[in-house]
Structure formats: C-alpha cells, structure tokens
Amino acid sequence: MEFKLQWGLLALILQSLIVAGECFTPFNVTYDGRAIIVGGERRMLISGGIHYPRATPQTWPDLISKSKEGGLDVIETYVFWNGHEPVKGQYNFEGRYDLVKFVKLVGSSGLYLFLRIGPYVCAEWNFGGFPVWLRDVPGIEFRTDNTPFKEEMQRFVKKIVDLMREESLFSWQGGPIIMLQIENEYGNIQNSYGSKGKDYMRWAAEMAVGLDAGVPWVMCQQTDAPDYIIDTCNGYYCDSFKPNSNKKPKMWTENWDGWYTVWGDRVPHRPTEDIAFAVARFFQRGGSFQNYYMYFGGTNFGRTSGGPNYITSYDYDAPIDEYGLLRQPKWGHLKDLHAAIKLCEPALVAVDSPQYIKLGPKQEAYVYSDNGSKCSAFLANIDEHNSVTVNFRKHAYTLPPWSVSILPDCKNVAFNTAKIGAQTSVKTVGLDAASYLNPAPLKLMAPYEVDYISKNWNHFKEPIGVWSDSNFTYQGILEHLNVTKDQSDYLWYTTRIYISNEDISFWEQNKASPVLTIDSMRDLVYIFVNGQFTGSAKGKWVKVSQPVKLIKGYNDVTLLSQTVGLQNYGAFLEMDGAGFRGQMKLTGCKNGDINITEYMWTYQVGLKGEFLKIYAVDKNGTIEWTELPSDAIATIFSWYQTYFDVPDGSDPVALDLSSMGKGQVWVNGHHIGRYWTLNAPKDGCQTCDYRGAYDSDKCVTNCGLPTQSWYHIPRSWLQASGNLIVIFEETEKKPFEISIKSHITETICAQVSENHYPPLHAWKINNGTISLNQTAAPEMHMRCDDGNTISSIKFASYGTPKGSCQNFSRGNCHAPDSISVVSQACIGKQSCSISISNAAFGGDPCRGVVKTLSVEMECSSSSSSSSSQMI
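Counting of residues starts from 1 at the beginning of each chain's written sequence and follows it residue by residue. Totals for whole chains, interfaces and linings use every residue, but because this is a predicted model, local features are given only for residues with pLDDT of at least 70 and side-chain atom pairs only at 80 or more, for both listing and counting. Excluded from the side-chain calculations are hydrogens and water; all other atoms, namely the structure's heavy atoms, are used.

1. Digging into the sheet that holds strand β18 (residues 403-407)
- Strand order in this open sheet of five strands is β13-β14-β15-β18-β19, and the pairing throughout is antiparallel. Looking at the sheet topology across the chains shown, the edges are occupied by β13 (355-360) and β19 (415-416).
- The rule for pairing is simple: two strands pair if DSSP sees at least two bridges between them. A run of H or I in DSSP counts as a helix once it spans at least four residues, and a run of E counts as a strand once it spans at least two, with each numbered from the N terminus. Both strand β14 (residues 363-369) and strand β15 (residues 375-381) contribute to a ladder of seven bridges, which runs antiparallel. In the strand pairing of β15, A365 is matched with L379.
- The contact criterion used throughout is that any non-hydrogen atoms of two residues lie within 4.5 Å. Orientation is described by axes fitted as lines to C-alpha atoms, over the contacting stretch for helices, and by angles from 0 to 180 degrees between their N-to-C directions. In the packing of helix α8 (residues 330-348) onto the sheet, the strands contacted are β14, β15, β18 and β19, and the crossing angle to β15 comes to about 135°.

Following this line, the structure appears as structure tokens:
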C-alpha cells in the first residue's frame, strides 16, 4: 500500500512538473561554428513546423506524437500577434491560441521548441500576423526605424518572452524552448527602407537580446545580422548557404517542402525524393539545424488566410496532411532519412568541417572522420539525368541521378534519397501527394458514394446595401480597411446619380451604354444598380470597367468591396490597404464623364447576417428562416441553414462545397473559413520528375479542376447528430448537393526489392561506434491510419511484378505463396512488416534475378474490417 502511495505521489509530482513547464532537467543552449550546443553537447537537429492556430488543441498531441515518430527533435512555430491581441491591450491565449499549452505539450513529449516571435510572420497569414489596429497608431510606419512601431513591437515581444519565462518554458528552466527568432526575412526588404532599415534591424536585435531570454536568437534571411544573432537560410535548397561568421552554425529555418496555393491556381507538390536530396545535401555540406516549413500545414480557419486570395487549406504538401494523417511516402521516406542522419551524428559533431573528395564531374563525397572510430560519409550525384557508379575507399557505389547516399560507417549505405521504400497512401478525399507521380490514384480522390448532408434547407436573403442604423455618409471614397478595421470582408458603398432625358436619348440613339470605371480595385467588387446585380471584378489593384443600365432620374449605385485575405508579404504593409484607389467615373454620357469620386457616399460595414451572428448556435433564431424549396430559383447573397449528422468513427471529416460558388461557412458556430470554387488553368500539369532543381510550378496538380473543393471540419467541433451548418453564398448556387465524407487512407501500396538497404534498425551505435547487422534482409512496412486496420490484400507478388500503385500486375516470375505470406503478416492489423527475402516466401521463385515485392492493400475501420484477399 505504501509502495502504491509513493508511486501515486510521484505521478502527481511529474504531472505538476509538466503543468509547470518543467519537461526536462534544466539545461543551457549555446552554439559554436559547427552546431547548436544542447546541454554541453553539439547536436544535429531536425525540426518541423506546426502552427498551433491552424489546428485545434484536441489534435495537438497527435500531431506532436507523429512528428516525434517521424524523427523530429524540434517543433517550430510562429507567434501570431493578431490572434493574441485582436484589440489593443486585450489578449487572447485560449483555444487555438493557447500558446502555453502547446509549448508544454511539445515539452512533455520530449521534443524541443523553436519559437519564432517575429512578430511579423508572413506565413500566408492575414496581414502577416500584424493586428489591423496597428495601422491606426498615430505616426506609425511598419518595420522601420519608427518610434511608434518599435514601441508596439517591443511591448508584444516582451509580453511573449515574459509569458514563457513565467511559465518556466525556457531550457534553463527545464522547459523545451531552445531558440527564439526576432523579425522574419527582413533582409529581403530591408533596402526598401534605406538607412532606416539597417537601424531598425540592429535595434530589433538589441531589443530581443536585451530581454534576457537565456537562449540563442536567430534572424532568417539576414546576412548582416549582428555578431550575437545567428543568421539563417530559408528556401528550397540551403546547402550552399554560409552564415556571416565562422562562429555561427549553419542553420536552415525554412525548408519549403511544398508551397502555398491561390484560388484559381494549380496545387503545388514537392517530390519526396527532391526534399530528401535537399536535406541530405544540407547536412552533407556542414549544416546542423534544419526545419521543415511545414511538417504539418493545417487549415486557415475563419478569415486567417493571407493574401490576397490564399485558399483556406494550408496543407502545404507537408509530411502530415491538413487533416492530421500521414502523407506517404513523404513522411516515411523522411523518417528513414532522419534515422540515417542520426546514425551519422557522432561523426558529424566530432569535427568542425568535412573532408571533400571529388568523385566525378558531378559527383562528390564529404567525409566526417575523427581519425578514430567515428567516420560517416555522404556521396552525392548532382547530375540531373544519369546514374553513375563511383569508387570510394576501394568500393563501388551506384548513385541514382540527383541523389545522396548516406554511409554512417563510411562503408555501407544506409539510405539513398532517390530510393523510396516507404509505402504510398491514397486518400478518399482531396488531392494527395502521390497523385502527381501516378495518375491512377486520382480515381479515388472523391468519395465512392455521394452523401448529401441534407435535403431540407432554410434560407435568408441578405439585404443589398444599407441594412442598419450603423451606416454613415461621407463625401468621397474612403479606403476599405480604414472603415472596416477588418472586422468583416465586406464593405458597402452607395451613392445616387441623377440621369437626364438627354443622356437616355443619347444612349438610345447611339445604341450604347454608360460604363462605370474604377481606376484601381482589390480584391473583389460586386456592382449593383437600383438593387439589381450588374457585374463584378476581381484582382489586385486592377482597373474596372462595367457597363451599367440606368433609368431617367435618380439611380442608386451600390458597390460591395470585399477583401479575400490581407497582404502578408512585402514592404510598407500598412500602406497597402484595400477597396478602391483613384477616380471613379460614369463614362459615355452626352456631356462627358461624370466623376462620382467626390459624391456623397453611404457606408455600411459587413453583412446583416454577420452582425446578427446567425451562424451561432444560440443566435440562430435571431432572424426568420424560410424553407428553401428544392426547385427554388437561386439568388445571389443568400444565407442557407440546415442540420446534419456526421460519419461514424473518429476519422477526420471534410465538407464538399464544389457545388457552391463563393462564400463562407460555419459549423456549430465555428468559422470553417472562406470557400471559392475557382478552376485552375487546364494546362501545366505534367508527369513530375524529381530530378533537377524544384520550383513551385514544377510539379502541380488539379489542372482544369477547382483549386479547393473539400473543407476540413475538426471532429472536436462536431457532435454525433444535429450539427448546425450555416453558409453565406455570394453567387446563384443552391446547397442541396453539399456532401460530407470521412478523410481516410483507404489504399496503401509499396514496392521493395531484395537489393534494397537493410532496415535502419539493423544499425546500432555503441559508445560512438556504429555497426550493421549485414545479414538483415530489407523490410516492407505497411500502416493504416489510427482506428483502421488492413482489411484486404488487393495485390501481392514477390518476383518480378510490373506497374505502380493501383496498377500492379504479375511479371514472368511470381512466388505462389505471395498472397498467403502477406495476408498472414498483415490482415487485421493496423501495421505490419514483411521481410523481403526468398526465405520469407518459401524459396527462390527465379534464380539469378533480383526479386521485388509489390503489394496493394485496403484499410477500413477496425470495427467493420472483414478479411478478404485477391489472388
């Protein structure tokens, strides 16, 4: 009994330490010219980005766990000023913005945290993370030597540092935070501010260090960073980067493993082989800290997406997809890469620089050796087209094009960046990374059965123009954000124009129409005349010319200006604004143009439905909803409402809005985000070749299809039945074809040959000495999502199978036991491993030939799995 009480007391103490933030024994973090030094030891650190507001707190533990399993040492995140201080002096650290909870969860998992305070973050986040109220501070100029801005910036940065210290979250307090960042990619725009830019950068560095956080500070893309700040690299490749002092380690703060997406554009993907190549090259050439941007991208819930015109999904082709599921083979291949790098860590930290050996015209070796027991090597082939066999230390190694082989013991290959042994996963919803490699998986990118969420909908018509007493009248055109303060995307402008008989006769005689012109507009405008929709225009500071139909006498002209995410990158953000610029005229009149710029305009911020919060569960009765007949004629600017049930199970859920036009959606009062069914151009999607330097146009999908159709609804925002969905639809679309579907990995495939490398667990490190069990056969590892198991084997062949995932076929050589061996190892399990050897398959089915195992399996819910197989 006493023993149990002691263990119970110990558990309570451990829990209290985690709550207090003490996740580790306190340790110091410093650095030298080779690496970050953690607790007195040089480390090779692999980091991955997870932005806490782009997920729900309920999913944070799973995301962190999958990151750790994937081989990460560090979690990186920005700090989002406009989320934490939406109103000046009023702070929000709750829900998705509970930064302290997120940091503690990272620490309790045994991972470190890299906190990028900024407070400018870019991140394709609304206004780059700046709160819009910051524009209204008298005399302010952003990100330059400007006293009002520096005072606000210092106040917020100090707030965050003090909060982390109060919660004991820095490493020297036993917390996980090992590093901080001030500013963000300022070097890219510093010259725009002249000498004041340089002064500001130095001030920011001094201010940050003066806060006595007790851990190193970095500045990314800042080649002139002061001596006491580590300058770091962002980009697709950073192997050639060098810090501005040999006393600083070589660090990569943003390795872009995908790219962001714009409404109406194609969806970018970065090949798994290429990102692995980039990481291996970085560590090969002296790198010591690498961070994936992103490891999990998540969702731009609400109106948080930046812009203009960035989509609601922030999937980013990351190793963990938007829904929290593993993106394979990217996650698995990078996991193997991380394990191989960790095998090399004793040698990598033992020396200050590697030995360089030229192996061929485009082939090279970098050797890390302490001339004792530690020796690791990286062999690179940067030829984009050809495989090459090289000789290294009296052994021959064949290097595929655009690849790096990692030799932890300077002899045996543990990993090659171009040889993927990890499984490929095919999802039932959305576009997966595998789709650009093989067109076949596309047939599973939509649900098998259409499951409309409801046949019964209600609607409410949004008034056009002024709808409340909160409107005001002003002579002239006001800048959009100066009026809305970004409390809404929408701003109504209404004026009245008098048209004479002479003008009407003039237009009739000339068979012409007057044209409303706007010198410059962003992001979107809807034009109404006398309450009737006339036309629209979209773009970033584009000229608008819209023919209009006017009647004799007074005509009401109403413009609905709309933002679709505020600018998040570039200099002088505070001056960018939104709405209209320049002159606004009615052209084509008998007596010349009518300049309506200085007319009296009535302004109305937002929508009536927004103001009444008719999307909220407790506010849904504030207006009178009307039943929507199935044969009703759709009208623009309509609110729709219904209740729906969700699919069984715990799999992530997605909403299909491809039948809708443009608007916003709420579920149970939670703002899912904006939606917009804009098709990408039909051309530009080609079979992706990983070889050669990557850019965001190289490997794209969705040509001719909507940029985004599926929208993530977090499970924690749902209940089993009776979920309220409210949609504001701007175009003439009806909601009857909206559907909902679980997002799952339904099909998994893999292909591994007997000449693949031994599994990484066959390597051991004992007292710094590395050894390999050379008798270990290669292995195939298969895995379904959590809560799902392998329910059927669709294809299995050990021999010389042909084809690729979902298109496999038998070759001339086939082991008869293939199906039975795979079934016995995998059916009914969430994950399984299979040895790639003749012994595992009952003997050699064809001597003298390299054998390969190809498999295709199906996953299904554990509760509904039933075994089946195909031969």
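Having seen it, we continue.
2. A closer look at the side chain of H333
- Residue position: H333 is located in helix α8.
- In this structure H333 comes out as buried when scored by relative accessible area, which is 1%.
- Not counting the four nearest positions on each side in its chain, H333 is found in contact with T272, A276, F415, N416, T417, K419, I420 and A422. Only protein chains enter the accessibility calculation, which uses a 1.4 Å probe. A residue is then buried if its area is under 20% of the maximum for its type, exposed if over 50%, and partly exposed in between.

3. Quick notes on the pattern of salt bridges
- One side-chain nitrogen of Lys or Arg within 4 Å of one carboxyl oxygen of Asp or Glu is enough to make a salt bridge. A full pass over the atoms with the stated rule returns 44 salt bridges.
- The closest approach of N and O atoms between D32 and R42, which form a salt bridge, is 2.9 Å. Of this pair, D32 sits in the loop between β1 (29-31) and β2 (36-38) while R42 sits in strand β3 (residues 41-43); the two residues are ten residues apart in sequence, bridging distant segments of the chain.
- Using a relative accessible area of 21% as the deciding quantity, one classes D32 as partly exposed.
- Ionic pairing is found between D576 and R522, a salt bridge with its closest N-O pair at 2.3 Å. Placement of the pair is D576 in the loop between β26 (553-562) and β27 (579-587) and R522 in strand β24 (residues 515-529), with a sequence separation of 54 residues.
- On the basis of relative accessibility, which here comes to 16%, the residue D576 falls in the buried class.
- Looking at R522, the relative accessible area reads 1%, which means it is buried.
- Members of the salt-bridge network, linked through shared partners, are R43, D73, K342 and E345.

4. A look at the state of the cysteines
- Put simply, a disulfide is two cysteine sulfurs that come within 2.5 Å. Under the definition given, this model contains eight disulfides.
- Shown here is the disulfide that connects C233 with C238, its sulfur atoms set 2.0 Å apart. Measuring the twist about the S-S bond at about -75°, one finds the C233-C238 disulfide to be left-handed. Residues C233 and C238 agree in their burial class; the two are buried.
- Distance from the sulfur of C122, which forms no disulfide, to the nearest cysteine sulfur (C220) is 9.6 Å.
- Note on C122: relative accessible area 8%, which makes it buried.
- Here C344 is not disulfide-linked; the sulfur of C410 is the nearest cysteine sulfur, at 8.3 Å.

5. What to know about the side chain of E322
- Topologically, E322 is positioned in the loop between β12 (289-296) and α8.
- For the purpose of counting charges, residues Lys and Arg are taken to be positive, whereas Asp and Glu are taken to be negative. His and the chain ends are not included. An unpaired buried charge is present at E322: no salt bridge exists, and R327, the closest side chain of opposite charge, is 7.7 Å distant.
- Residues in contact with E322, not counting those within four places in the same chain, are F296, G298, T299, S313, D315 and H712.

6. Regarding helix α12 (residues 818-826)
- With seven of its nine residues buried, α12 lies for the most part within the structure.
- By the burial criterion, the buried members of α12 are S818, I819, V821, V822, S823, A825 and C826.
- Just past α12, the residue G828 takes up positive phi, approximately 85°.

7. Observations regarding the pairing of strand β43 (residues 788-799)
- Within β43, eleven of the twelve residues are buried, which leaves it mostly tucked inside the rest of the structure.
- Alignment of β43 against strand β45 (residues 852-861), held across ten bridges, turns out to be antiparallel. Residue pairing for β45: I790 is matched across the bridge by C859.

8. Considerations on the packing of helix α4 (residues 99-108) against helix α5 (residues 147-166)
- In contact at an axis separation of 11 Å, α4 and α5 are set at 50° when each is read in the N-to-C sense. Taken together, α4 and α5 sit at an angle that is classed as oblique. Along this stretch, α4 crosses α5, giving a crossing that reads as right-handed. Contacts between α4 and α5 involve L99, V100 and V103 from the first element and I160, L163 and M164 from the second.
- Here the term charged refers only to Asp, Glu, Lys and Arg, the term nonpolar to Ala, Val, Leu, Ile, Met, Phe, Trp, Tyr, Cys and Pro, and the term polar to all other amino acids, Gly among them. Residue composition of the contact of α4 with α5, by class: six nonpolar, no polar and no charged. Oblique is the label for any angle not under 35 degrees, not over 145, and not in the 65 to 115 range, which are roughly parallel, roughly antiparallel and roughly perpendicular in turn. Crossings are assigned a handedness: left-handed for a near helix turned anticlockwise from the far helix by less than a right angle, right-handed for a clockwise turn.

9. A few points about the pairing of β12
- Within β12, eight of the eight residues are buried, which leaves it mostly tucked inside the rest of the structure.
- As defined by bridge partners, strand β4 (residues 45-50) adjoins β12 across five bridges and the pair is classed as parallel. When the bridges of β12 are listed, S47 appears paired with N291.
- Examined bridge by bridge, strand β10 (residues 251-256) and β12 share four bridges and lie parallel to one another.

10. Some details on the environment of S862
- Locating S862 in the fold gives a position in the loop between β45 and β46 (868-869).
- On the basis of relative accessible area, S862 is assigned to the partly exposed category, the value being 40%.
- S862 sits 839 residues away from C23 along the chain, and the two C-alpha atoms are 34 Å apart.
- Other than its neighbours up to four places away in sequence, S862 contacts G787, N788 and T789.

11. Things to note about the sheet that holds strand β30 (residues 626-628)
- Read across the sheet, six strands follow the order β30-β21-β31-β37-β33-β34 without closing on themselves; strand pairing throughout is antiparallel. Strands with a single pairing partner mark the edges of an open sheet, and in this sheet they are β30 and β34 (670-676). Neighbour-to-neighbour, the strand axes of this sheet turn through a mean angle of 30°, independent of strand direction.
- Inspection of the sheet shows strand β21 (residues 457-461) paired to β30 by three bridges, in the antiparallel sense. Across the sheet, the residue bridging to W457 is L628, located in β30.

12. Quick notes on the packing of helix α2 (residues 60-69) against α4
- In contact at an axis separation of 10 Å, α2 and α4 are set at 35° when each is read in the N-to-C sense. In this structure, α2 meets α4 at a crossing whose hand is right-handed. Contact residues: W60, P61 and I64 in α2; K101, F102, L105 and V106 in α4.
- Looking at the contact of α2 with α4 residue by residue, the class counts come to six nonpolar, no polar and one charged.

13. Here we look at the packing of aromatic side chains
- What counts as a ring pair is set by centres within 6.5 Å for rings of Phe, Tyr and Trp (its six-membered ring), and what kind of pair is set by the plane angle: stacked under 30 degrees, edge-to-face over 60, tilted for all other angles. For the structure on display, the rule yields 65 aromatic pairs.
- Ring centres 5.2 Å apart and planes at 70° place the aromatic pair Y356 and Y366 in the edge-to-face group. On the criterion of sequence distance, the pair formed by Y356 in strand β13 and Y366 in strand β14 is long-range, its members being ten residues apart.
- Measuring from ring centre to ring centre gives 6.0 Å for W492 and F528, while their planes differ by 45°; the resulting arrangement is tilted. In this pair, W492 is assigned in strand β23 (residues 490-499) and F528 in strand β24, connecting sequence segments 36 residues apart. The exposure classification of W492 matches that of F528, with both residues buried.

14. Considerations on unusual backbone geometry
- At the junction of G307 and P308, the peptide bond is cis and its omega measures out at 10° in the coordinates.
- Within the element layout of this structure, P308 appears in the loop between β12 and α8.
- Unusually for a residue other than glycine, F637 sits at a positive phi of about 55°.
- Secondary-structure assignment places F637 in the loop between β30 and β31 (638-644).
- Assessed through its relative accessible area of 0%, F637 is described here as buried.

The values reported here are purely geometric and, on their own, carry no functional implication.
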